[in-house]
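Architecture at a glance
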There are 2 protein chains.
Amino acid sequence: MKKPYAELTREELLGLQKHLKTEYRRMQAMDLKLDMSRGKPCTEQLDLSMGMLDVLNSETELRSEDGTDCRNYGVLTGIPEALDLMADMMEVQPDHIILYGNSSLNVMYDTISRSYTHGVMGNTPWCKLDKVKFLCVVPGYDRHFAITEYFGIENVPVPMLPTGPDMDIVEKLVSEDPAIKGIWCVPKYSNPTGNSYSDETVRRFARLKPAAPDFRIYWDNAYTIHHLYDIDHDHLIEILLECKRAGNPDLVYKFASTSKISFPGSGIAALAASLNNLEDIKRQLKIQTIGHDKVNQLRHVRFFGDIHGMTEHMKKQADILRPKFEAVEGILEEELGGLGIGTWTCPKGGYFISFDSLDGCAKKIVSRCAKAGVVMTSAGATWPGGKDPHDSNIRIAPSFPPLADLKTAAKLFALCVKYVSVEKLLAGMEEGAEA
Amino acid sequence: MKKPYAELTREELLGLQKHLKTEYRRMQAMDLKLDMSRGKPCTEQLDLSMGMLDVLNSETELRSEDGTDCRNYGVLTGIPEALDLMADMMEVQPDHIILYGNSSLNVMYDTISRSYTHGVMGNTPWCKLDKVKFLCVVPGYDRHFAITEYFGIENVPVPMLPTGPDMDIVEKLVSEDPAIKGIWCVPKYSNPTGNSYSDETVRRFARLKPAAPDFRIYWDNAYTIHHLYDIDHDHLIEILLECKRAGNPDLVYKFASTSKISFPGSGIAALAASLNNLEDIKRQLKIQTIGHDKVNQLRHVRFFGDIHGMTEHMKKQADILRPKFEAVEGILEEELGGLGIGTWTCPKGGYFISFDSLDGCAKKIVSRCAKAGVVMTSAGATWPGGKDPHDSNIRIAPSFPPLADLKTAAKLFALCVKYVSVEKLLAGMEEGAEA
């Protein structure tokens with residue numbers, strides 16, 4: 001039945017609705033309890049890193065290569081070998097990095113907070129300004145938007161295109177409005193769309209001419225090595241060097257972490273930036289802490305060895321994730337292909353599939369799923385303030401459930417999409433008849 | 001030669017000066033490289049915690065007692081068994097605690113930062129106020145003072161007495177000036193004096209009637225179980241409960257960490273407060289992070305077991321530290337006792353001995369030590385802005401150097417005290433003669 005729903009008659013839709021209702025009731029009776037809401041690694045992925053708990057033991061030398069006893073206080077920016085490893089991962093020089101605690105979200109929060117309380121490289125602290133705005137690529141990452149919202153910053157949506165953010169809009173807004181102090185980006189395998197910024201997009205980012213001297217690109221490269229395929233990768237131009245080439249070396253903060261490489265919550269987060277930016281940041285950091293967890297830094301280096309070790313590790317992660325993505329994409333194609341009631345992305349990496357329903361259906365679809373035991377990310381979460389003006393975008397996170405459960409959940413999701421779409425089309429007909 | 005220096009004639013002082021100069025030259029020639037500047041555990045202390053690296057390995061079950069997979073995302077405030085352990089350590093209920101990352105200094109910074117950006121329990125954010133002040137018990141901890149100074153807060157010194165801060169002054173200032181938003185305290189084995197607040201002092205703290213509704217006591221109980229003797233402990237009344245009894249449950253934030261229990265920099269920090277305060281804090285914390293390092297929380301629980309295990313562990317720490325404190329105190333008594341050129345504390349716990357020289361001598365003593373290869377904490381560091389109005393207080397940190405080195409360093413220190421004191425007394429005589 002591959003006829004687009006929009007071409008069905010009222011009678012056909014009513015028949016379909018009856019059938020879908022029965023089918024939904026049947027699935028509801030299965031008493032499912034599945035979670036596709038967050039980008040959490042599954043148990044098998046976590047098991048890949050268990051060796052991390054063996055590389056250090058009571059017999060281990062815990063000195064870093066520069067002689068630092070990693071067990072004691074000190075070392076603000078990270079031990080050399082961990083800087084090297086993270087530098088390779090982030091495609092920058094080790095002296096352009098600061099290693100932090102376990103959460104890059106925390107680093108981003110602290111970056112906004114520092115800009116708010118002390119300003120960026122000598123500019124007025126944002127708390128002293130009447131108005132501060134941030135650009136938010138939509139659909140995007142709810143936790144990014146929540147940080148700026150929490151600081152009373154106005155989140156301004158910018159549409160995501162297949163090539164990345166709409167750069168015509170970004171360039172215009174950033175060059176005209178000095179209240180715009182930054183933009184939230186997930187440039188590679190973006191959250192939730194899964195696409196990566198094109199070369200042209202990155203080059204245009206590096207060439208921005210912001211009205212605000214303290215404008216910074218918040219480049220959250222969370223999925224930098226999180227490929228699903230061995231050769232068929234998205235490639236992203238390295239932004240720090242591109243900014244340097246463009247004569248804008250201080251334009252960007254780049255964030256990353258090992259959260260979805262080793263153990264989420266027990267990894268290493270990092271920030272990369274120009275030396276000027278790092279000096280600015282260190283003036284604050286040395287007040288905030290004596291240093292981060294060096295034993296954990298050493299643990300990561302001893303486990304991965306080097307970037308090749310990390311790459312091999314990520315291939316194993318991909319082997320677990322790839323079948324899950326392909327299963328969901330297969331079911332969406334099989335169930336919804338040609339029906340004209342939804343589009344979705346088929347990313348080559350990252351943690352998400354982005355689904356767009358007919359306008360006004362997303363909340364109802366997510367609600368229907370929940371009532372049958374499958375938790376999706378809240379509809380609207382991918383927009384600032386949780387408000388999707390089209391009520392159409394839904395983020396699908398296939399990583400956590402076991403494959404068999406995931407297939408059931410994807411089938412339920414597709415069923416709910418059909419069910420809610422039929423309702424919408426029928427309601428549209430009634431309105432048409434009344435008008 | 002136990003005659004007070006003040007009673008010596010000019011000729012006696014000149015003879016002494018000549019002798020001390022020779023002695024100083026001799027020690028200078030030893031080419032020492034010793035550090036008594038910071039409260040860092042020594043290698044033997046760190047070795048006590050090496051078993052911590054064995055309790056988790058690739059065969060270990062990494063679920064917390066409530067079933068949480070500690071390897072994955074989630075759990076904002078800490079896993080139950082770690083909350084229990086830290087609750088016992090901090091002498092509060094587990095539901096009154098939030099576990100953080102590796103640094104209580106970071107928690108204190110974030111607490112000030114949050115108050116600055118968002119205010120305390122609905123009160124005006126400090127960044128919107130013209131003037132904010134903080135009380136600083138002096139001598140005190142330089143890193144505390146640095147945080148408030150960094151936020152442009154005026155640090156107001158309050159003198160430390162043998163019973164704790166001068167509560168007459170604290171009560172008067174806090175009740176009269178609504179700009180005073182907090183006070184930095186290290187209530188037990190204080191940094192640097194080593195004394196603990198008396199019962200009366202704690203009770204008066206709990207009964208404060210601040211002019212500012214958002215005034216909070218910053219109770220940095222860094223040395224809560226850091227005793228030097230097995231039975232002969234200082235006892236501190238638990239402040240949260242005392243505040244509750246006094247009808248001021250929200251008056252205090254209590255901080256602690258395992259930094260000087262397990263590995264500094266790889267431990268667990270925690271904040272304890274009333275449920276109202278915790279709710280206020282969690283509204284921010286959930287924006288800042290998904291959660292802290294639960295694997296490390298589990299590691300600590302598996303290693304220590306419970307508070308008894310932690311207590312036994314601290315006895316071993318004490319066995320290493322006690323001889324060092326006693327050695328320094330012995331040398332100070334032997335070299336300086338009865339000379340009237342310095343006083344010092346003999347604490348029963350903590351990490352520091354506080355020394356007070358004749359006025360105007362501290363900087364010169366520290367400088368003389370440095371020129372002979374022994375690094376002390378900068379003179380003045382124990383005062384806000386690094387400015388000791390008497391230039392007399394010096395913080396001695398005996399923990400880090402091996403015992404033999406420490407004795408040499410203490411002897412050099414005593415020698416420098418004598419040398420600089422003689423200079424001062426001679427200079428005073430010249431001035432007297434000129435007048």
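Looking only at helices and strands, chain A has 13 helices and 13 strands in total. In summary, chain A has a C-alpha radius of gyration of 23 Å against a globular reference of 22 Å for 435 residues, a match within 12%. By the burial criterion, 52% of the 435 residues in chain A qualify as buried. Long-range pairs, those at least 24 residues apart, make up 77% of the contacts in chain A between residues at least 6 apart in sequence.

What follows deals with the interface of chain B and chain A. Taken together, the contacts link 43 residues of chain B with 43 residues of chain A. Residue contributions to the side of chain B that touches chain A peak at six residues, all from helix 4 (residues 104-118) of chain B. Of the residues in the side of chain B that touches chain A, the class split is 19 nonpolar, 18 polar and six charged.

Okay, the relation of the copies chain B and chain A next. When chain B is brought onto chain A, the operation consists of a screw motion whose angular component is 180° and whose axial shift is 0.0 Å, with 0.0 Å RMSD remaining. Such a turn and shift between the copies fits a two-fold axis. Both copies share a contact surface, since 100% of the interface residues of chain B are interface residues in chain A too.

Attention now goes to the nonpolar core. Met86 and Ala270 of chain A together with Met86 and Ala270 of chain B are the most contacted members of the largest nonpolar core, which totals 256 residues. Discounting chain neighbours no more than four positions away, the residues touching alanine 270 of chain B are Met86, Met90, Ile97, Ile98, Leu99, Tyr100, Ala256 and Ser257 of chain B.

Okay, the pairing of strand 8 (residues 252-257) of chain B next. Residue and element names in this part refer to chain B. Within strand 8, six of the six residues are buried, which leaves it mostly tucked inside the rest of the structure. Of the two faces of strand 8, the one holding Val252, Lys254 and Ala256 and the one holding Tyr253, Phe255 and Ser257 are both buried throughout. Across four bridges, the pairing between strand 7 (residues 216-220) and strand 8 is parallel. Across the sheet, the residue bridging to aspartate 220 is phenylalanine 255, located in strand 8. The handedness of the strand 7 to strand 8 crossover, carried by helix 8 (residues 239-245), is right-handed. Here four bridges tie strand 8 to strand 9 (residues 269-272), and the two strands are oriented antiparallel to one another. Paired with phenylalanine 255 across the strands is leucine 271, a residue of strand 9.

So, about the sheet that holds strand 8 of chain B. Residues and elements named next belong to chain B. Across the sheet, eight strands lie side by side as 2-9-8-7-6-3-4-5; this open sheet has mixed pairing. The open sheet has two free edges, formed respectively by strand 2 (97-99) and strand 5 (164-165), since each of these has just one partner strand. Each of strand 3 (133-138), strand 4 (154-161), strand 6 (180-185) and strand 7 is contacted by helix 5 (residues 142-150), which is oriented at about 155° to strand 4, the strand it contacts most.

All names here are of chain A. Along its sequence, chain A is organised into domain 1 (5-45 + 311-434) and domain 2 (73-305). Taken over C-alpha atoms, the centre of domain 1 sits 31 Å from the centre of domain 2. The interface is formed by 26 residues belonging to domain 1 together with 29 residues belonging to domain 2. Residue assignment for the side of domain 1 that touches domain 2 shows that the elements contributing at least two residues are helix 11 (307-336), strand 11 (353-357) and strand 13 (393-396).

Residue and element names in this part refer to chain A. At a minimum axis distance of 9 Å, the contact between helix 11 and helix 13 (residues 403-434) shows a crossing angle of 30°. Compared by their axis directions, helix 11 and helix 13 come out roughly parallel. Taken as a pair, helix 11 and helix 13 cross one another with a handedness that is right-handed. Here helix 11 contributes Pro323, Lys324, Ala327, Val328, Ile331, Leu332, Glu335 and Leu336 to the contact with helix 13, which in turn contributes Leu403, Leu406, Lys407, Ala410, Lys411, Ala414 and Val417.

Attention shifts here to the environment of isoleucine 112 of chain B. All names here are of chain B. Tracing the backbone through its elements, the reader meets isoleucine 112 in helix 4. Take isoleucine 112: there are 25 C-beta atoms within 10 Å of it, and that puts it in the buried class. The spacing of isoleucine 112 and cysteine 416 is 304 residues in sequence and 39 Å in space, taken between C-alpha atoms.

All names here are of chain B. Read from one edge to the other, the open sheet built from three strands follows the order 10-11-13, with strand pairing classed as antiparallel. Bordering the open sheet on either side are strand 10 (342-344) and strand 13 (393-396), each of which pairs with just one other strand. Averaged over all pairs of adjacent strands, the angle between strand axes in this sheet comes to 20°, irrespective of strand direction. Strand direction decides the pairing type here: strand 11 (residues 353-357) and strand 13, joined by four bridges, are antiparallel. Residue serine 354 lies in a different strand from strand 13, and its bridge partner there is arginine 395. Each of strand 11 and strand 13 is contacted by helix 12 (residues 362-371), which is oriented at about 40° to strand 13, the strand it contacts most.

Residues and elements named next belong to chain B. Within strand 3, five of the six residues are buried, which leaves the element mostly enclosed by the surrounding structure. Of the strand pairs in this sheet, strand 3 and strand 4 are connected by six bridges, and their pairing is parallel. Bridge pairing in strand 4 places phenylalanine 134 opposite asparagine 155. In this fold, the crossover linking strand 3 to strand 4 by way of helix 5 has right-handed handedness. In the sheet, strand 3 pairs with strand 6 via four bridges, with the strands oriented parallel. Within strand 6, the residue paired with cysteine 136 across the bridge is tryptophan 184.

Of the consecutive residues valine 138 of chain A and proline 139 of chain A, the connecting peptide bond is found in the cis state with omega at -5°. Mapping proline 139 of chain A onto the fold places it in the loop between strand 3 (133-138) and helix 5 (142-150). A cis amide bond links asparagine 191 of chain B to the next residue, proline 192 of chain B, at an omega of 5°. The phi dihedral of methionine 121 of chain A falls on the positive side, at around 45°, and the residue is not glycine. For methionine 121 of chain A, the position within the fold is in the loop between helix 4 (104-118) and strand 3. In this model, tyrosine 189 of chain A sits at a positive phi of 45°, which is unusual for a non-glycine residue. Within the element layout of this structure, tyrosine 189 of chain A appears in the loop between strand 6 (180-185) and helix 7 (199-206).

The next subject is the environment of tryptophan 344 of chain B. Residue and element names in this part refer to chain B. By secondary structure assignment, the location of tryptophan 344 is in strand 10. Between the C-alpha atoms of tryptophan 344 and threonine 193, which are 151 residues apart in sequence, the distance is 8.4 Å. In contact with tryptophan 344, not counting residues within four places along its chain, are Leu332, Ile353, Ser354 and Phe355.

For chain A, the mean per-residue pLDDT works out to 97, and 100% of the residues sit at or above 70. Both scores are available for the predicted complex, with the pTM at 0.97 and the ipTM at 0.96.

All names here are of chain A. Met167, Val170 and Val174 are the residues of helix 6 (residues 167-176) that are buried. Down the axis, helix 6 shows its buried residues gathered within 55° of arc, on one side only. Residues of helix 6 that are exposed and point over 90 degrees away from its buried face: Asp168, Lys172 and Glu176. If you follow the buried residues of helix 6, they end up packed against strand 3, strand 4 (154-161), strand 5 (164-165), strand 6 and helix 7.

Residues and elements named next belong to chain A. Topologically, methionine 86 is positioned in helix 3 (residues 80-90). The class of methionine 86 is buried, set by 28 C-beta atoms lying within 10 Å. Along the primary structure methionine 86 and asparagine 191 are separated by 105 residues, whereas in three dimensions their C-alpha atoms are 22 Å apart. Discounting chain neighbours no more than four positions away, the residues touching methionine 86 are Ile97, Leu99, Ile268 and Ala270.

A word on helix 7 (residues 199-206) of chain B. Side chains of residues three or four places apart in an α-helix project in the same direction, reflecting 3.6 residues per turn. Residue and element names in this part refer to chain B. Among the residues of helix 7, Thr201, Val202, Phe205 and Ala206 are the ones counted as buried. Viewed along the axis of helix 7, the buried residues span an arc of 135°, placing them on a single side of the element. Looking at the packing, one finds that the buried side of helix 7 touches strand 5, helix 6 (167-176), strand 7 and helix 8.

Rules behind the numbers
Every chain's residues receive numbers from 1 upward, in the order its sequence appears when written. Chains carry letters from A onward and ligands carry numbers from 1 onward, assigned in written order. Restriction of local features to residues with pLDDT of at least 70 applies here, the model being predicted, together with a cutoff of 80 or more for giving and counting side-chain atom pairs; totals for whole chains, interfaces and linings are based on all residues. Only DSSP runs of H or I covering at least 4 residues are called helices, and only runs of E covering at least 2 are called strands; the numbering of each starts at the N terminus. Atoms counted for the radius of gyration: C-alpha only. Globule rule: 2.2 Å times residue count to the power 0.38. With C-beta atoms placed from the backbone, a residue is labelled by how many other C-beta atoms lie within 10 Å of its own: buried for 20 or more, exposed for 12 or fewer, partly exposed between the two. A residue pair is marked as a contact if its C-beta atoms, positioned from the backbone, fall within 7 Å. In this classification, Asp, Glu, Lys and Arg are treated as charged, Ala, Val, Leu, Ile, Met, Phe, Trp, Tyr, Cys and Pro as nonpolar, and every other residue, Gly included, as polar. What sets the superposition is a least-squares fit of C-alpha atoms, and only residues with pLDDT of at least 70 in both copies go into it. Each nonpolar core consists of buried Ala, Val, Leu, Ile, Met, Phe, Trp, Tyr and Cys residues. Their C-beta atoms, within 7 Å, join them into a set. Here a strand pair is declared whenever DSSP counts at least two bridges between the two strands. Assignment of crossover handedness uses the view with strands pointing away from the viewer, where a clockwise path from the first strand over the helix to the second indicates a right-handed crossover. Fitted lines through C-alpha atoms serve as axes, helices being fitted only where they are in contact, and the angles separating the N-to-C directions of these axes extend from 0 to 180 degrees. Domain segmentation is taken from an automatic or database assignment of domains. Oblique is the label for any angle not covered by the other classes, which are roughly parallel (under 35 degrees), roughly antiparallel (over 145) and roughly perpendicular (65 to 115). In this scheme the crossing of two helices becomes right-handed for a clockwise turn of the near helix relative to the far one and left-handed for an anticlockwise turn of less than a right angle. The pLDDT score gives, residue by residue, the confidence of the prediction method on a 0 to 100 scale. Note that the arc is defined by the directions from the helix axis to the C-beta atoms.

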